[in-house]
Amino acid sequence: MSLALIAALPFLGVLLPGLMIRAGKNACAGVTGFVTALALLLLGLNAPAVLRGEVVQTRIEWIPSLGLNANFFLDGLGLLFAGLILGIGLLIILYARFYLSKSDPMGQFYTYLMLFQGAMVGIVLSDNILLLLVFWELTSLSSFLLIGFWKHLPEGRQGARMALAVTGGGGLAMIAGMLILGGIVGSYDLSVILENKDAIQSSDWYLPALILILLGCFTKSAQFPFHFWLPHAMAAPTPVSAYLHSATMVKAGLFLMARLWPVLAGTDAWFYIVATTGLVTMLIAAKIALFKDDLKALLAYSTVSHLGLITMLLGFGTATAATVAMFHIINHATFKASLFMSAGIIDHEAHTRDLKRLGGLRTLMPITFAMSIIAALSMAGIPPLNGFLSKELMLEEAAHTVWGGTPWLLPALATIGALFSVAYSFRFIAHTFFGPVRDDYPHTPHDPGFGMWAAPAFLVALVIVIGLAPMGVAAWLVNVSASAATGEVITVKISHWHGLYAPALWMSLAAIGGGLVLLGLHPRLMALWNATPRPDAKRIFDGIIEPIAALSSRITDALHDGALTRYVGIGMLTIAAVSYFAFETGTHAAGTRALMPIHPVPTLGWLALVMATIAIVIYHRNRLLTLVLVGIIGLMISVGFAYFSAPDLALTQILVEVATVILMLLALNFLPKTTPKESTAARRGFDIGVALVAGIGIAALSYALMTRDFAFPTIADYHIANAKPEGGGTNIVNVILVDFRGYDTFGEITVLGIAAIVIFALTEALLRAGPANDRLLAWRPDQRRAGDRHPMMLVVATRLILPIALMVGVFIFLRGHNLPGGGFIAGLIVSIALVMQYMASGFAWTAARQKVDYHALIALGVLVAAATGIGAWFNGMPYMTSDYGYVHLWPLEEFELATAALFDLGVFLTVLGAVMLSLASLSRIGLRAGETVNAQPFDIDPSEGRTLEAEEAR
Amino acid sequence: MEILVAVALGLLTSAGVYLILRQRTFPLIVGLTLLSYAVNVFIFAAGRLVTGLPPIYDKAAAGYTDPLPQALVLTAIVISFGMTAVIVMMALGAFLETGDDRTDMTKKDPSEGDAT
């Protein structure tokens, strides 16, 4: 469980920063850091087992039918990456606390950061490639939010979009590749896939799977030709760049290449695709980095270059090269993240990160200078720092690798890459810190407080310590991760001195010397660079994306131009066309089910329904008449339900009909009373055509359905057989509602409650100051009012009816389990009994006399239903299992008590609350529009022979 | 009898679709109500039509109709009341806010039709 918990912790922590920001920035950063530290601690607890060579596993079945399981496993590789993600994450949280300015929404930032962290941890711990894909896409999405965090900056938004398009596109390719891989092996579990090297590499589908998966890795890790998104993503706040674009997200691609290394690597295809891509990326990016004046752009291209280096090492396909790759991943994360943070500090303090405007910061920012110079020297590969160690090992590997039959090509190119690396690293130091102190910085820089430089300083300390004592500090981690990545037992030996005859020594010296020469020539090279035309990746990207975007918005606009009628029409015709196609291409035989005889009385009811429907279409412009006709249709449908053996439906339909018509009448009071004639004859003809197509389709479909017997045995028999023995009720429909399908019913009453609260919220919004409120205050009734709004006869009759109606409601409720009735129907009956009081004496008069809060009623109903369901747990039964027993209480006859009745009570309360809240909301609008409140139950009192006065109630 | 139910269903659907296409909120609501009837009856009819066999235990009963579609439709009727109430409220709100009860908002004339 604890592995799943490690991956889940950041997600669980997602909401905390947003809440804790109210308690201040320290609390917000503190709680975020705490969650991360907790995850790191859990990881640490699992580390000893991994170091012993075990693989820790957590298996949870999620959707077994799809092969999608929430399986997690932790081996050396996962430990390395999860440690990097959580460890550097903790440092970034600390750094961001001091980096973000007052105006930045810090809670939001940490929320996005935790989302990203969780997704990354998920990737490296997944033991199921489908699960891995889910997390993979999540990193793309959450990094989109983080890169575009400064929403006011267009570069931020464009950079975020570009990153999403490139990495998301690669992710799509990877999904296909992973599915092929799973198809070859027959399992989506990584631990199974990793054991099937021969099956995968001998498969015809190996090459397509390899290319598709590598597309995902290369886009994510910014490999050429997809490298262009990373520099544009630098518009993000610096903590994001340091975290995503140096230490974690861009390494996801490397992680996956390492993860699948045992089954994918070792072939020629792997070597030529991966090693070549890595090499080209390393060279091109290192060269561009030298000519970037923006500190973060320089670091971004340097990152791309180092990612290329690691990709190349993985591409070599030998276990020793993969080991070096693991070592360089550790080293790169330490020096590059600290360099990014230092660049952020310079930007934060000097208000610029343009190398042309910097220089001479050595004395102004001594601490930042010290940190940067150590990290940059490590990046350049100067002994004895950690970057030197892994670079030497890389050059050594390159020296022994033959590319395309030419032994000198790879070592030479690798040396040139290292040479550029030296040059830009030195340039970073020289042009930022050395030279004369200037007097034209946008802001006079000085070292920041401890909080801001603590995180990079910690990483710089690691750079030195790993550099001085690699065998003591880092070798164990390299060993476990490389063993896990290659599937062989690796014991690494890292040393500073390999002897005079080691080619790496001379390559290294050449790189450092050449790098210094390049730095000396830099002004002249820069002039040459600026004079040479070169492709602008952003313009090419936009050139591809913009026509596609324009095309898709043209299609969208054509289908959906904001006119409801257009897309309803298109939708109807599409459904009809697809259905017709299915009908034409399928096979079918004539119906065999015996038809029911047609009796005269039901036919009369049918005739009423048909006439009313046709009349609605003809007279729909008269809205009041339309409502009357709707009432007739509803009534006939209810009678139809009764005729076709559905008494519960008949009761429900007729009651809902009453409530609906009252509701629509209340609304119609404030809407135009007629619909104007505005569509052309051609338009109406078209609409009639669409309507006829839809109607004929439904009629034909339902006729075909009703004239055939069930294609499969129905599950009805189970319900019919078990309603009494299992559910304890004789009304099968009610037993299904409150017992067999109780969970569905619970969902439905929740929806009903939400709908009522939405109506309440809409009313609140309308009654707030605004155009709607103004319109209501200035409301003039557009129809003649009734002379006697609250007729005495109606008042007296409803008063008499109320207790009887309530009694009927209780009766219907109680008998519902055995005879037609139940919570839904009883709730509607009681609602209508109450609404009659509102109609008789007015809303305000009645509301003043009943103290029930409808919101509370809805909440109570849902809670009662939920509590009934939970009650089953105490019986040791699954949620929503009902129980019943028989009770004999003198002088009553024996009756049955079922927990389902309690559930039904919840249904009853919710329905009552929801219906009343909806109608009451409309009445409040009436009051705002100037309806008066009467002080007496009726307006005209015949005993006194006068009209009672009404209070103004605005 | 089946043919009558099928015709009624088709008519309700046609009337519902036609009213939805009428470009004003009130016919739209009535149209949706008619469509809800049609859908509910359609689901009900999927249990096949039977008379005189209500799904309530009775020793004398010759059999029972399919109770499952009935249970589905019962909640659907109540939910469709909730849905109707919400769109009625939205239609009312839209009319009170803008003084217009059109359903079509084409991009060409966003400010068109403030009737007040």
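This structure is a prediction, so every number in the text was calculated from the model and none was measured.

Q: Can you lay out the overall build of chain B for me, pointing to particular residues and giving the numbers?
A: Along chain B, the regular secondary structure elements total three helices and zero strands. Over its C-alpha trace chain B gives a radius of gyration of 20 Å, far above what one expects of a compact globule, namely 13 Å for 116 residues. Put simply, chain B has 116 residues, and 64% of those count as buried. Put simply, of all contacts in chain B between residues at least 6 apart along the chain, 48% involve residues at least 24 apart. When the accessible surface of chain B is split by element, carbon and sulfur atoms take 67% of a total near 4,000 Å². Within chain B, the 10 negative side-chain charges are centred at a point lying 5 Å from the centre of the 7 positive side-chain charges.

Q: I'd love a proper account of the packing of aromatic side chains, names of residues and values included.
A: Residue and element names in this part refer to chain A. Under the criterion given, the structure shown has 23 aromatic pairs over all chains. Judged by centre distance (5.6 Å) and plane angle (75°), the ring pair of Phe-116 and Tyr-243 falls under edge-to-face. In this pair, Phe-116 sits in helix H5 (residues 106-125) while Tyr-243 sits in helix H12 (residues 238-247), placing the two residues 127 residues apart along the sequence. Accessibility expressed as a relative area gives 0% for Phe-116, which makes it buried. Since its relative accessible area comes to 0%, Tyr-243 is described here as buried. Taken together, a centroid distance of 4.5 Å and an interplanar angle of 10° make the contact between Phe-291 and Trp-529 stacked. In this pair, Phe-291 is assigned in the loop between helix H15 (268-290) and helix H16 (295-316) and Trp-529 in helix H26 (residues 522-531), connecting sequence segments 238 residues apart. Each member of the pair, Phe-291 as well as Trp-529, carries the same accessibility label: buried.

Q: Go over the domain arrangement of chain A, please, and point to the residues and values.
A: Along its sequence, chain A is organised into domain 1 (283-529) and domain 2 (732-954). When each unit is reduced to the centre of its C-alpha atoms, the spacing between domain 1 of chain A and domain 2 of chain A is 72 Å.

Q: Describe the side chain of A:Arg427, with residues and values.
A: Residue and element names in this part refer to chain A. Inspection of the secondary structure assignment puts Arg-427 in helix H21 (residues 409-433). In this structure Arg-427 comes out as buried when scored by relative accessible area, which is 2%. Those residues in contact with Arg-427 that sit more than four places away from it in its chain are Ala-289, Leu-290, Phe-291, Lys-292, Asp-293, Leu-298, Leu-355, Thr-432, Leu-519 and His-522.

Q: Quick rundown of the nonpolar core? Include the residues and the values.
A: Counting 204 residues, the largest nonpolar core has A:Met178, A:Trp229, A:Leu264 and A:Trp270 as the members making the most contacts within it. Residue contributions to this core peak at 19 residues, all from helix H17 (residues 319-350) of chain A. When sequence neighbours within four positions are dropped, the list of residues in contact with A:Met178 reads A:Ile129, A:Leu132, A:Leu133, A:Tyr188, A:Ile213, A:Leu256 and A:Leu260. Counting residues in hydrophobic clusters, the runner-up holds 130 residues, among them A:Ala646, A:Ala756, B:Leu21 and B:Leu92.

Q: For a nonpolar patch on the surface, give the residues involved together with the corresponding values.
A: All names here are of chain A. Taken together, the side chains of Ile-614, Ile-618, Tyr-619, Leu-625, Val-628 and Ile-632 make up a nonpolar region of the molecular surface, amounting to roughly 530 Å² of accessible area. Taken together, the elements giving at least two residues each to the nonpolar patch come down to helix H29 (600-619) and helix H30 (623-643). Note that Ile-618 resides in helix H29.

Analysis parameters
By convention here, each chain's residues receive numbers from 1 onward along its written sequence. Lettering of chains starts at A and numbering of ligands starts at 1, both following the order in which they are written. In keeping with the model being predicted, local features are shown solely for residues with a pLDDT of at least 70 and side-chain atom pairs are shown and tallied solely at 80 or more, while totals for entire chains, interfaces and linings include all residues. Hydrogens are left out, water is left out, and the side-chain values use all remaining heavy atoms of the structure. Numbering of helices and strands starts at the N terminus; helices are DSSP runs of H or I of at least 4 residues and strands are runs of E of at least 2. Each radius of gyration reported is based on C-alpha atoms, and the globular scaling rule is 2.2 Å times the count of residues to the power 0.38. Between buried and exposed lies partly exposed: a residue is buried under 20% and exposed over 50% of the maximum accessible area for its type, with that area taken using a 1.4 Å probe on protein chains only. What makes two residues a contact is simply this: any of their non-hydrogen atoms within 4.5 Å. Areas reported as accessible are Shrake-Rupley estimates using a 1.4 Å probe. Residue values count occlusion only from the protein chains shown. Charge convention: Lys and Arg are scored as positive, Asp and Glu as negative, and His as well as the terminal groups of each chain are ignored. Just so you know, the charge point we use is NZ for Lys, CZ for Arg, CG for Asp and CD for Glu. Stacked, tilted and edge-to-face are the three classes assigned to paired rings of Phe, Tyr and Trp, where Trp is represented by its six-membered ring and a pair needs centres within 6.5 Å; plane angles under 30 degrees give stacked, over 60 edge-to-face, the rest tilted. Boundaries of every domain are those given by an automatic assignment or by a domain database. For the purposes of this section, nonpolar cores are sets of buried Ala, Val, Leu, Ile, Met, Phe, Trp, Tyr and Cys residues that join through side-chain atoms within 4.5 Å. Exposure above 30% relative accessible area and the lack of any salt bridge qualify a residue for a patch; like charges then connect within 9 Å, and the nonpolar side chains Val, Leu, Ile, Met, Phe, Trp and Tyr within 5 Å. When a carboxyl oxygen of Asp or Glu lies within 4 Å of a side-chain nitrogen of Lys or Arg, that pair is called a salt bridge.

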